[in-house]
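# Coordinates in review
Chain by chain, the residues:
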2 protein chains.
Amino acid sequence: MKMAELSRRSGTPVPTIKYYIREGLLPPGTRTAANQAEYETSHVARIELIRALREVAGLPVATIRDTLDAIDRPGGDRRDHLAVALRALSPPLDVPPDDVEAYERAGERVDAVLADLGWRVGHASAARADLVRAVVAIERHFPGGAPPDVLRRYARTAQHLAEREIPQDWDPVGAPTDALRYAVLGTVLFEPVILALRRLAHVDRHRRLRDGHGG
Amino acid sequence: MKMAELSRRSGTPVPTIKYYIREGLLPPGTRTAANQAEYETSHVARIELIRALREVAGLPVATIRDTLDAIDRPGGDRRDHLAVALRALSPPLDVPPDDVEAYERAGERVDAVLADLGWRVGHASAARADLVRAVVAIERHFPGGAPPDVLRRYARTAQHLAEREIPQDWDPVGAPTDALRYAVLGTVLFEPVILALRRLAHVDRHRRLRDGHGG
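These notes cover the structure that comes with them. Every chain is numbered on its own, with residues counted from 1 as its sequence reads. Throughout, the order in which chains and ligands are written sets their labels, letters from A for the former and numbers from 1 for the latter. Residues qualify for local features only when their pLDDT is at least 70, as the model is predicted, and side-chain atom pairs are given and counted only at 80 or more; totals for whole chains, interfaces and linings, by contrast, use all residues. With hydrogens and water set aside, each side-chain value is computed from the structure's full complement of heavy atoms.

### What about the overall build of chain A?
When you go through chain A residue by residue, the secondary structure sums to ten helices and two strands. Counting helices and strands in the order they occur from the N terminus, chain A gives α-α-β-β-α-α-α-α-α-α-α-α. Residue burial in chain A is summarised as follows: out of 215 residues, 51% are buried. In chain A, of all internal contacts separated by at least 6 residues, the share reaching a separation of at least 24 is 62%. In these tables, accessible area is a Shrake-Rupley quantity obtained with a 1.4 Å probe, and a residue counts as shielded only by the protein chains included in the view. Surface accessibility of chain A: about 10200 Å² in total, with carbon and sulfur atoms responsible for 50%. For the purposes of this entry, the term helix denotes a DSSP run of H or I that reaches at least four residues, the term strand denotes a run of E that reaches at least two, and both are numbered from the N terminus. A 1.4 Å probe rolled over the protein chains alone gives each residue an accessible area, and that area as a share of the maximum for its type sets the label: buried under 20%, exposed over 50%, partly exposed in between. Contacts were defined at the residue level, with two residues in contact if any of their heavy atoms lie within 4.5 Å.

Here is the structure:
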């Protein structure tokens, strides 16, 4: 299809598409004339993924480029694309020199909880780094910190969610492009839903306790 | 206490404390001499709250100022501080002119789910706006969208979490400063824990399904 058709089908203005190509987020089309190129259906899907990562996940262009690079890399195990894409989504664990001990303690606690659960997640996983960072922050700012039984309780909730979110018959190898897109989007797009509902549940619970209807 | 003591007790460098005062996040001390001021224990608590909001929640200084202003406002119902603080944490629902219909549909769906649950949350609640925004994004980018039964399932999970996170005997009126601090921090500090554990649970589930151990 031509650029105008790509713009119509993806619901994205031409200058935005040209910006994605310039920034290396979207592969250029096949040149058919000096001033014309041909685009594929895969371009539409890619634009939708870029827009979701920008507009929903709120990711900066550089992070999106890293995520897409990780996905596209031919050497990678495409079946492990979710772990790879999530790695690019999270900043690496940069430990401030003063905090090495706090991070080590938090890391040991996190690893013990993950081992208890028998989860198959790498030590270098980006989400593990997010979790360690969060535990350090809680230890520092919240009375009682984040003891193992609290982490285990949240982990069980997460596991329960994952089992319903990713159905038994989900085929990560079947349709690579779509599977990848849905895996990353399904994980990322529902994050604000979960946080917003938890905040609403907190407000509701505070009001009930205040008015003596804690039940 | 003097500035040096405030710095020591809060674990925060003097220039950072001065920056917080300059930016209006922290009230200045009581001047005792031309070049000296006296600070209270409340300053230590306030600095810890500011640092948690900056370093953990990653909020920009202007948002922290709005949040603290909302908390400090004398006319407000201090018992409703969580709702007020969360309102400042979330951007207002700015609906793009092209998307009015999509936002209205998503808003109606969200309100129907909240009414079903009997949650006492205002129509103007910031977390409701976050939820509507997220639902619009999902409708646009995710096959199947976010139907009411999916939203209700997440809401039940959130309610279950809130009941364990905010115990029955929690007293929102008892110790205003601490209660406020813990309410905001408890809500905000555990958000990255929940998201990180869900991402790890997704990676674990993908790997199990790939290797045929979905069980």
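### Notes on the relation of the copies chain B and chain A
Mapping chain B onto chain A calls for a screw motion: a turn of 180° about the axis and a shift of 0.0 Å along it, with 0.0 Å RMSD after fitting. The transformation relating the two chain copies, once decomposed into turn and shift, fits a two-fold axis. For chain B, the smallest separation between a C-alpha atom and the rotation axis is recorded for Thr157 of chain B, amounting to 3.8 Å. When you check the interface residues of chain B against chain A, 100% turn up at the interface there too, and the contact is symmetric in its surfaces. In superposing the copies, a least-squares fit is computed on C-alpha atoms, taking residues whose pLDDT is at least 70 in both.

### With respect to the pattern of salt bridges
All names here are of chain A. By convention in these notes, a salt bridge is any Lys or Arg side-chain nitrogen within 4 Å of a carboxyl oxygen on Asp or Glu. By the definition in use, this model includes 20 salt bridges over all chains. Residue Arg8 pairs with Glu5 through a salt bridge whose shortest N-O separation is 3.4 Å. Note that Arg8 and Glu5 are positioned in helix H1 (residues 3-10) at a spacing of three residues, about one turn of the helix.

### Some thoughts on the packing of aromatic side chains
Two aromatic rings from Phe, Tyr or Trp, using only the six-membered ring of Trp, form a pair when their centres are within 6.5 Å; if the ring planes differ by under 30 degrees the pair is stacked, by over 60 it is edge-to-face, and anything between is tilted. Per the stated rule, a full pass over the model turns up four aromatic pairs over all chains. Ring centres of Tyr154 of chain A and Phe190 of chain B lie 5.5 Å apart, and the angle between their planes is 25°; on these two criteria the pair is classed as stacked. With one member in each of two chains, Tyr154 of chain A in helix H8 (residues 148-165) and Phe190 of chain B in the loop between helix H9 (176-189) and helix H10 (191-210) form a pair that bridges those chains. By relative accessible area, which is 4% here, Tyr154 of chain A ends up buried. The ring of Tyr154 of chain A has Arg153 of chain A lying over it, and the distance from NZ or CZ to the ring centre is 5.9 Å. A positively charged side chain is recorded as over a ring if its NZ (Lys) or CZ (Arg) lies within 6 Å of the ring centre. The angle to the ring normal must also be within 35 degrees.

### Quick look at the interface of chain B and chain A
Taken together, the contacts link 83 residues of chain B with 83 residues of chain A. Using a 1.4 Å probe, buried area is obtained as the accessible area two parts lose upon being combined, added over both of them. With both sides pooled, the region where chain B packs onto chain A buries about 8200 Å², and carbon together with sulfur makes up 67% of that total. Among the residues chain B hides against chain A, the three largest losses belong to Arg120, His141 and Arg199 of chain B. Together they make up 10% of the total. Where chain B touches chain A, the interface holds four salt bridges. Across the pair Glu191 of chain A and Arg199 of chain B runs a salt bridge, and its minimum N-O distance is 2.8 Å.

### Topic: the pairing of strand E1 (residues 30-33) of chain B
Residues and elements named next belong to chain B. Two strands form a pair only when DSSP identifies at least two bridges running between them. Strand direction decides the pairing type here: E1 and strand E2 (residues 36-38), joined by three bridges, are antiparallel. When the bridges of E2 are listed, Thr30 appears paired with Glu38. Two successive antiparallel strands, E1 and E2, enclose a turn made up of two residues.

### Considering the environment of Gly24 of chain B
Relative to the helices and strands, Gly24 of chain B is located in the loop between helix H2 (14-22) and E1. Taking C-alpha positions, Gly24 of chain B is 9.6 Å from Leu68 of chain B, a pair spaced 44 residues apart along the chain.

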